[in-house]
Amino acid sequence: MANQAKIWTVVPPSVGLPLFLGSVTVIAILVHLAILTHTTWFPAYWQGGVKKAAAIETSFIAG
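As the structure is a prediction and not an experimental result, all values here were calculated from the model. (Residues numbered from 1 in each chain as written. Predicted model: local features only at pLDDT ≥ 70, side-chain atom pairs only at ≥ 80, totals over all residues. Heavy atoms only, no water.)

### Points about the overall build of the protein
Convention followed: A run of H or I in DSSP becomes a helix once it reaches four residues, and a run of E becomes a strand once it reaches two; helices and strands are each numbered from the N terminus. To be clear on the numbers: accessible area is Shrake-Rupley with a 1.4 Å probe, and residue cover counts the displayed protein chains and nothing else.
On a plain count of helices and strands, the protein comes out with four helices and zero strands. Helices (α) and strands (β) of the protein occur, in sequence order from the N terminus, as α-α-α-α. Taken as a whole, the protein presents about 6100 Å² of accessible surface, with 71% of it coming from carbon and sulfur.

This is the structure we're talking about:
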């Protein structure tokens, strides 16, 4: 853990932590945007999907 602790001697936590959390937020938004613009199922999922009517299956057994 000593190696990770040395970063705060170069970058103060009041600068480093907001930069880190901000970059994580930006990456998450970019991933969601990419999924929204490059798939067809994700926007449909957010809209509740396509409602399908219930189908009734019948089978006849010849005997």
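Now that the structure has been shown, we can carry on.
### A closer look at the environment of T9
Condition: N or O atoms within 3.5 Å of each other form a polar contact, as long as, within protein, one can give a hydrogen and the other can take it, and as long as residues adjacent in sequence are counted only when both atoms are side-chain atoms.
Locating T9 in the fold gives a position in helix 2 (residues 7-10). In terms of polar contacts, T9 uses its side chain to reach the backbone carbonyl oxygen of K6, at 2.5 Å.

### Re the confidence of the model for the protein
Inclusion rule: Along the chain, pLDDT gives the predictor's confidence residue by residue, from 0 to 100.
Taken residue by residue, the protein gives an average pLDDT of 81. The fraction at 70 or more is 75%. Of all helices and strands in the protein, the one with the weakest mean pLDDT is helix 1 (residues 2-5) (70), whereas helix 3 (residues 13-38) scores best (94).

### Some points on a nonpolar patch on the surface
So the rule is basically this: By definition, no residue in a patch forms a salt bridge, and every one has over 30% relative accessible area; like charges are joined within 9 Å, nonpolar side chains (Val, Leu, Ile, Met, Phe, Trp, Tyr) within 5 Å. Salt bridge criterion: a side-chain nitrogen from Lys or Arg within 4 Å of a carboxyl oxygen from Asp or Glu. Relative accessibility thresholds used throughout: buried, under 20% of the residue-type maximum; exposed, over 50%; partly exposed, between the two (1.4 Å probe, protein chains only).
The grouping of I27, V31, I35, W41, Y45 and W46 at the surface amounts to a nonpolar patch, some 700 Å² of accessible area in total. Taken together, the elements giving at least two residues each to the nonpolar patch come down to helix 3 and helix 4 (41-46). Topologically, I35 is positioned in helix 3. With relative accessibility at 30%, the residue I35 sits in the partly exposed group.

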